[in-house]
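Read off the chains here:
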Amino acid sequence: MKRTALIAGVTGIGGNHLARELLANGWEVVGLSRRAPKDLPGVRHVAADLMDPAALGRALADLAPTHVFITTWMRQDTEAENIRVNAALVRNLLDALSPRKSVRHVALVTGLKHYLGPFEAYASSGTLPDTPLRESQPRLPLENFYYAQEDEVYAAAERDRFTWSIHRPHTIIGLAVGNAMNLGTTLAVYASICKETGRPFQFPGSEAQWKGLSDVTDARMLARQLAWAADTDAAKNEAFNIVNGDVFRWSWLWPKLADWFGVEAAGYNGQVQPLEAAMGNDHALWREIATRHDLAEPDLDRLASAWHTDLDLGRPLEVMTDMANSRRLGFSAYQATDDSFFDLFARLRAERLIP
């Protein structure tokens, strides 16, 4: 049976790797984004604004996808605005596709804020969940745009009779230039600056993160789970956590990352030392480094998202994730986390994004 995927956010860290996974497995892939991907020649691109229902309807009028993958969101200044905007982009997309009745399955990518709450609620008293985080944990009594997005999917599924799956990654490690949440590339750029300047590679986060257990999600793992759920009957109408399948401590991983770059590792020294401050004055320096090494991207803000890395590594609790729901249904993929970082670093260097 022909499978045509529509990926909303195809240029992002999740959507790009999903497109590669689906193309490798014989899918027809349509990518929806404002700008065309430069590295996905097998993808048919559709340019559209998810917040413009009329234009979106015209852009999608001739498409009849069987599967829809929503891998994008738009960051706003408040959670109320996050809810308004990000619920609307899901609703607008599914409304635009509704008349054709071609959609059989919709997959929505959210994240662990489902359990932790919005960014500003990470350290709020009474909201920190038990870990490992499990899909069976109830929603928090807090405003959360992930809940609003899920509810839009559920409502459209009831109306148009398609199945759905929800995918909740931890921090995603993979290549995407211009991505707003990119810890792996941020650390690669930071380490590169440390090597150029002789600064120590200072861990920026909390004691809980330095000493506690953690996990991450390789973008390739997310792609594999999305493709698996789309093709597995037992996975329909389920929510799944998705991480690499191992756990680590930053106190173990940080020196390994430093060794890869040949820089001095400096661990937690009693206080949080945010990267946003450490890299705040490095824009001109990065342009100089990019010029000297003939790098492809001289704009530091297109590569590094220090604010998001600070939120991840500054959490006041250890965060790791249980994958029992997909494991018991047959999803058995695994990825070693140190190799997730090393593979990313090697690709960044090969594509002249770091020296």
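The sections below set out a description of the structure shown in this document. (Residues numbered from 1 in each chain as written. Predicted model: local features only at pLDDT ≥ 70, side-chain atom pairs only at ≥ 80, totals over all residues. Heavy atoms only, no water.)

### A word on the sheet that holds strand 1 (residues 4–8)
- Ordered in space as 3-2-1-4-5-6-11, the 7 strands form an open sheet in which the pairing is parallel. At either end of the open sheet lies a strand with only one pairing partner, and these are strand 3 (44–47) and strand 11 (238–242). Each strand axis lies, on average, 20° off the axis of its neighbour in the sheet, ignoring direction.
- Note that strand 5 (residues 105–109) and strand 6 (residues 163–169) share 5 bridges and pair parallel. Bridge pairing in strand 6 places His 105 opposite Thr 163.
- The strands that helix 1 (residues 13–24) touches are strand 1, strand 2 (28–33) and strand 4 (67–70); relative to strand 1, the one it contacts most, it runs at about 170°.
- Running over the sheet, helix 8 (residues 219–231) touches strand 4, strand 5, strand 6 and strand 11 and is turned about 160° from strand 11. (Pairing = 2+ DSSP bridges. Helix = DSSP H or I, 4+ residues; strand = E, 2+ residues; numbered from the N terminus. Axes fitted to C-alpha atoms, helices over the stretch in contact; angles between N-to-C directions. Contact = heavy atoms within 4.5 Å.)

### Regarding the pattern of salt bridges
- This model, assessed by the stated rule, comprises 25 salt bridges.
- Salt-bridge contacts for Asp 95 lead to Arg 159; the nearest nitrogen and oxygen are separated by 2.8 Å. In this pair, Asp 95 is assigned in helix 3 (residues 79–97) and Arg 159 in helix 5 (residues 145–160), connecting sequence segments 64 residues apart.
- On the basis of relative accessibility, which here comes to 36%, the residue Asp 95 falls in the partly exposed class.
- Residue Arg 352 is joined to Asp 294 by a salt bridge in which the shortest nitrogen-to-oxygen separation is 3.8 Å. Within this pair, whereas Arg 352 is found in the segment after helix 15 (337–350), its partner Asp 294 is found in the loop between helix 11 (283–293) and helix 12 (300–303), the two being separated by 58 residues in sequence.
- Given the relative accessible area of 40%, Arg 352 is considered partly exposed.
- Judged by relative accessible area, which is 53%, Asp 294 ranks as exposed.
- Connected through shared salt-bridge partners, Arg 20, Asp 39, Arg 347 and Glu 351 make up one network. (Salt bridge = Lys/Arg side-chain N within 4 Å of Asp/Glu carboxyl O. Buried < 20%, exposed > 50% of the residue type's maximum accessible area, 1.4 Å probe, protein only.)

These values are about where atoms sit, not about what they do.
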